[in-house]
Amino acid sequence: MLNPDFPFGYDLFLAHPDGLGSVPAELYGTEVAVIGAGLSGLVTAYELMKMGLKPVIFEADEIGGRLRTASFQAAPQITCDLGGMRFPVSSKALFHYIDELGLETFDFPNPLAEPTGSTVIELKGQKIYVEDPDDLPVFYREVAEAWKRALQDDAQFEQMQQAIKARDTAKIKSIWNDLLDEYDEESFYGFIANSRAFKEAGFEHREAFGQVGFGSGGWDTDFPNSILEILRVVYTDADDNHRGLSGGAAKLPHALWNHGPQELAHWPAGTSLASLHGGAPRGAVAEIRRSQRKGFGGAQAIEVTERFGSSRTFGAVVSTVQSWLLSTGIKTEEGLFPAELWTAIERSHYMQSSKTFVMVDRPFWKDRDPVTGEYLMSMTLTDRLNRATYLLDNGEGQPAVILLSYTWNDDALKWLSLPAERRMELMLHSLEKIYPKLDIRSHIVGQPITVSWEADPNFMGAFKANLPGHYRYQERLYTHFDQRELPAEHRGIFLAGDDVSWTAGWAEGAVTTGLNAVWGVLQHLGGQDAAQNPGPGQFLDELGPMKLKDADELVS
C-alpha cells in the first residue's frame, strides 16, 4: 500500500537492519504516554520500548481497539471479528508485524475469491449463482468493464499501479498531484456518473455497481465520499487479495502487547509491553493539558489525568484514539493544537458499520444440492437488508460461523436500534427469500453476536472516510507528526491511528501513522534516525502530501 499521498516505503524502513532510530542514553527509561491500546497505539509503544523509552499506555476498554475478536459462549474456540477481519496482502508494514510475531493467516472468502466456493448475487429478486468469475452473466461483466474503463480513462489506473510496483515515487506524485486538483471536490458517485464508460453503460449498470461493487463487495454506501478515498484503495490493491488472521484479528494487538523482543536498548532482553505495565495498561483518560513542568524541545510537559483522578506528566504524548474523542470524550486543552487542526478534527466524517454473526453446527453450505449440483448456500451479495453475507469455515469437526450481515452507513443505521435477536430474525427472513429450500435455522447453535460501532462511545463510528473537499483537513492531520516548525505551545502531542492516515479503515494506516508518531517523538526528545535509514519525516518535503492552494493564491 505505497500510498500516493506520501509514497514512503514503510516496509523497507521497518526491515532495515539499523532500526528506526535511537535516543541518547540519558533519556533511557523516559516515559511517553500512548493513549489507546489499539493497533496504532501498540505499534507506537512497541517501537518506543525497543528504543529504550518507557511507553505508558492508557486504555478505556480492551486491548485491540477495532481489531476486536469475540467468542461464542458455547464454544470459546470459535471466534468472530467485530472490526477489522481481512487484510490486503499489499499491507507490507502490517504484515511485517504479523510475520515477526509468527501469526498464521488464511485466504479470506471474499465474493468470487478463490477460497470462496460459490457466490450468489441477488438483485431485484433475480438470483445469479457463480462458482467461477468467468461465468458471470454478460451484464455483470459489462459493469466490471465499465469500472475498469472509468479508472483508466479518468484516473490513469494502469500507469499508477505500474509506478507503485516500481516504487517510482516521482511518477506516483506526478500522476496523483494532477488528480488532486481535479478530484478534491468530487464524490465517488460523481466520478462514476460523469465517466464516459458509465454514461454509455447507463444507470442500471451504475446501480448494480453500487450493489455488487468490486473486490470485497458493494460500495454504494461509499458513494457520497471523496473519490480520492476510493482511488487510494484500488491503486494499492487494498480492495482484494485479503487474508484473515487465524484465531481472530485480536491476535495481533495481543501479540504486540505480550511479545518480548530479544534486542532492545536499555531494557533486558524479553521485556514486553505487558511486563512494563505490570500486566495491565493504565485506565481511561479524562483530561490532557499543559503542565508547568519543563518538557523537551522548548515545550512544557503534558499532564494526562485518568478518569478516577490519577495524573502523570510526560515529555511527549501520542494520542491514537479516534480524533473526535479529543473533543467529546477527553477534556483536551484547546491550546495543545493549532486552531486549523481542531477544524480538521471536528470536520472528520466517520462511517457507521454493523455486523451480526451466528454460529452453526457445521459448514453445511459445502453440501451440494442433489438436483442442481450447486452448493446449498453461497457468499451472498444482495440489495435486501443483509447486503453481504459471509460463510466462515473453522475446519473439519468444528462449528462454523455465518456473518449474516455486514453493512455500512445508512444500511448500518437500519440496525442501530434493534437488539441482536431481532437483527438475526430480519436477516434470516431475507436469506430465506434467497434460499427458500434451505433450513438455515436448524443449523444455528447459541446466541447471535452483533456490533454497531457508531453506538460505542469509545469509537462513535467504524472509521473515517473523507467527504469531497476534505483533503486539506487530512493533510493537516497526517503531517502533524513533523513538529519541527511548530511553535513550542503546539509541540509534544502527536496524533496517530487509521483515521489520521490516508487509508482510513485499513490496519496498514494504523501501523504507518504509529511509525510516523515514533519518528516525531524521537525528534522531540532529542533522538535521531539511523544514519542509513532515515525516517518518514525526512521525506515530507520530497514526497509529502501536496498543499492545495485556494483560488486567490493561484491568481497571485
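Small disclaimer: the values here were computed from a predicted structure and weren't measured. (Residues numbered from 1 in each chain as written. Predicted model: local features only at pLDDT ≥ 70, side-chain atom pairs only at ≥ 80, totals over all residues. Heavy atoms only, no water.)

Q: Can you help me understand the overall build of the chain in this one?
A: When its secondary structure is counted, the chain shows 20 helices and 22 strands. Along the first, second and third principal axes, the C-alpha atoms of the chain reach 75 × 60 × 45 Å. Looking at the chain as a whole, 58% of its 556 residues are labelled buried. A separation threshold of at least 6 residues defines the contact pool for the chain, and within that pool the share at least 24 residues apart is 71%. For the chain, the exposed surface amounts to about 22,400 Å²; the carbon and sulfur share of it is 48%. Here the chain contributes 49 positively and 77 negatively charged side chains, and the mean placements of these two sets differ by 3 Å. (Helix = DSSP H or I, 4+ residues; strand = E, 2+ residues; numbered from the N terminus. Buried < 20%, exposed > 50% of the residue type's maximum accessible area, 1.4 Å probe, protein only. Contact = heavy atoms within 4.5 Å. Areas by Shrake-Rupley, 256 points an atom, 1.4 Å probe, with all protein chains shown as cover. Lys, Arg positive; Asp, Glu negative; His and termini not counted. Charge placed at Lys NZ, Arg CZ, Asp CG, Glu CD.)

Q: Can you help me understand the sheet that holds strand β14 (residues 331-332) in this one?
A: Sheet strands pair via backbone hydrogen bonds, and the direction of the pair is either parallel or antiparallel. Ordered in space as β12-β11-β10-β14, the four strands form an open sheet in which the pairing is mixed. Strands with a single pairing partner mark the edges of an open sheet, and in this sheet they are β12 (311-314) and β14. In terms of strand pairing, strand β11 (residues 300-306) meets β12 through four bridges, oriented antiparallel. Each bridged residue has a counterpart across the sheet, and for Val 304 the counterpart in β12 is Arg 312. (Pairing = 2+ DSSP bridges.)

Q: Would you mind going over the packing of aromatic side chains with me for this structure?
A: Any two aromatic rings considered together are summarised by their centre-to-centre distance and by the angle between their planes. Going through the model one piece at a time under the given rule, you end up with 32 aromatic pairs. Ring geometry for Trp 176 versus Tyr 235: centroids 5.9 Å apart, planes at 80 degrees, classification edge-to-face. Within this pair, whereas Trp 176 is found in helix α6 (residues 169-183), its partner Tyr 235 is found in helix α10 (residues 227-235), the two being separated by 59 residues in sequence. The residue whose ring lies beneath Lys 355 is Tyr 406, and the NZ or CZ to ring-centre distance is 4.5 Å. Residue placement shows Arg 368 over the ring face of Tyr 375; its charged tip is 3.8 Å from the ring centre. (Phe/Tyr/Trp six-rings, centres within 6.5 Å; stacked < 30°, edge-to-face > 60°. Lys NZ or Arg CZ within 6 Å of the ring centre and 35° of its normal.)

Q: Even after reading the chapter, I still don't get the pattern of salt bridges, so can you show me in this structure?
A: Once the charged atoms of two side chains with opposite charge are near each other, the side chains can pair. By the definition in use, this model includes 29 salt bridges. When the shortest N-O distance is used, the salt bridge between Arg 441 and Glu 425 registers 3.0 Å. On the criterion of sequence distance, the pair formed by Arg 441 in the loop between α16 (420-434) and β20 (444-452) and Glu 425 in helix α16 is long-range, its members being 16 residues apart. The class for Arg 441 is partly exposed, based on a relative accessible area of 34%. With a closest N to O distance of 2.8 Å, Glu 475 and Lys 547 form a salt bridge. (Salt bridge = Lys/Arg side-chain N within 4 Å of Asp/Glu carboxyl O.)

Q: What's the story with empty space enclosed by the protein in this structure? I'm lost.
A: Vacant regions in the atomic arrangement are exposed by a probe of water-molecule size rolled over the atoms. Per the stated rule, a full pass over the model turns up one cavity of 30 Å³ or more. Computed from the structure, the largest cavity encloses a volume of approximately 50 Å³. The wall of the largest cavity is formed by Asp 184, Ser 226, Leu 228, Glu 229, Arg 232, Asn 466, Leu 467, Gly 469, His 470 and Tyr 471. At three residues, the largest contribution of residues to the lining of the largest cavity is made by α10. Residues belonging to the lining of the largest cavity are distributed by class as follows: three nonpolar, four polar and three charged. (1 Å grid on protein atoms, 1.4 Å probe; cavity = no way out; pocket = protein on both sides within 12 Å on 5 of 7 lines; lining within 4 Å. Points joined across faces, edges and corners; volume = space filled by probe spheres on them. Nonpolar A, V, L, I, M, F, W, Y, C, P; charged D, E, K, R; others polar.)

Q: Looking at this structure, how should I read unusual backbone geometry?
A: One can expect most non-glycine residues to show negative phi and most peptide bonds to be in trans. Although it is not a glycine, Lys 124 adopts a positive phi angle of roughly 55 degrees. Summarising the element assignment, Lys 124 is placed in the loop between β7 (119-123) and β8 (126-130). Lys 124 sits in the exposed class, given a relative accessible area of 54%.

Q: Explanation requested: the packing of helix α4 (residues 138-155) against helix α5 (residues 157-165) in the structure shown.
A: Each packed pair of helices is defined by two parameters, the angle between the axes and the distance between the axes. α5 packs onto α4 with a crossing angle of 80 degrees between their chain directions and a minimal axis gap of 6 Å. As judged from the angle between their axes, α4 and α5 are roughly perpendicular. On α5, the residues that touch Leu 151, Gln 152 and Ala 155 of α4 are Phe 157, Glu 158 and Gln 159. For the contact of α4 with α5, the residue count by class is three nonpolar, two polar and one charged. (Axes fitted to C-alpha atoms, helices over the stretch in contact; angles between N-to-C directions. Parallel < 35°, antiparallel > 145°, perpendicular 65-115°, else oblique.)

Q: Just to check I follow, could you spell out the packing of helix α3 (residues 92-100) against helix α18 (residues 507-525) for this structure?
A: One can describe the packing of α3 onto α18 by two numbers: an axis separation of 8 Å at closest approach and a directional angle of 85 degrees. In terms of their interaxial angle, α3 and α18 are classed as roughly perpendicular. Across the interface between the two elements, Lys 92, Ala 93, Leu 94 and Tyr 97 from α3 touch Ala 507, Glu 508, Val 511, Thr 512 and Leu 515 from α18. In terms of residue class, the contact of α3 with α18 is made up of six nonpolar, one polar and two charged.

Q: What is the right way to read the nonpolar core from this model?
A: Within soluble globular proteins, side chains that are nonpolar tend to cluster in buried spots. Residues Leu 39, Trp 147, Phe 188 and Leu 252 are the most contacted members of the largest nonpolar core, which totals 134 residues. Looking at which element gives the most residues to this core, the answer is α18, with ten residues. Ignoring sequence-local partners within four residues, the contact set of Phe 188 consists of Trp 147, Phe 209, Phe 214, Trp 219, Asp 222, Phe 223, Asn 225, Ser 226, Ile 227 and Ile 230. By size, the runner-up hydrophobic cluster in this structure holds 24 residues, among which are Ala 33, Val 285, Leu 341 and Ala 344. (Core = buried A, V, L, I, M, F, W, Y, C linked by side-chain atoms within 4.5 Å.)

Q: Would you take a moment to explain α5 for this structure?
A: Helical geometry: 3.6 residues make up each α-helical turn, so side chains three or four residues apart lie on a common side. Among the residues making up α5, those that are buried are Phe 157, Met 160, Gln 161, Ala 163 and Ile 164. Relative to the axis of α5, the buried residues are bounded by an arc of 160 degrees and lie together on one face. α5 presents Gln 162 and Lys 165 as exposed residues on the side facing more than 90 degrees away from its buried surface. Buried residues along α5 sit in contact with α4, α6 and α10. (Arc of directions from axis to C-beta.)

Q: Would you take a moment to explain the environment of Phe 191 for this structure?
A: Within the secondary structure, Phe 191 is located in helix α7 (residues 188-194). Accessibility expressed as a relative area gives 3% for Phe 191, which makes it buried. Considered as a pair, Phe 191 and Ile 227 are 36 residues apart in the sequence and their alpha carbons are 6.6 Å apart. Once residues within four sequence positions are removed from consideration, Phe 191 is found in contact with Trp 147, Ala 150, Leu 151, Asp 154, Ala 155, Tyr 183, Glu 186 and Ile 227.

Q: Mind showing me how you'd approach the pairing of strand β16 (residues 353-360) here?
A: The side chains of a regular strand alternate between both faces of the sheet. With eight of its eight residues buried, β16 lies for the most part within the structure. Neither face of β16 is open: one carries Ser 353, Lys 355, Phe 357 and Met 359, the other Ser 354, Thr 356, Val 358 and Val 360, and all of them are buried. In terms of strand pairing, β16 meets strand β19 (residues 400-408) through eight bridges, oriented antiparallel. Considered in β19, the bridge of Met 359 is made with Val 401. Where β16 and β20 come together, six bridges link them in antiparallel fashion. In the strand pairing of β20, Ser 354 is matched with Ser 452.

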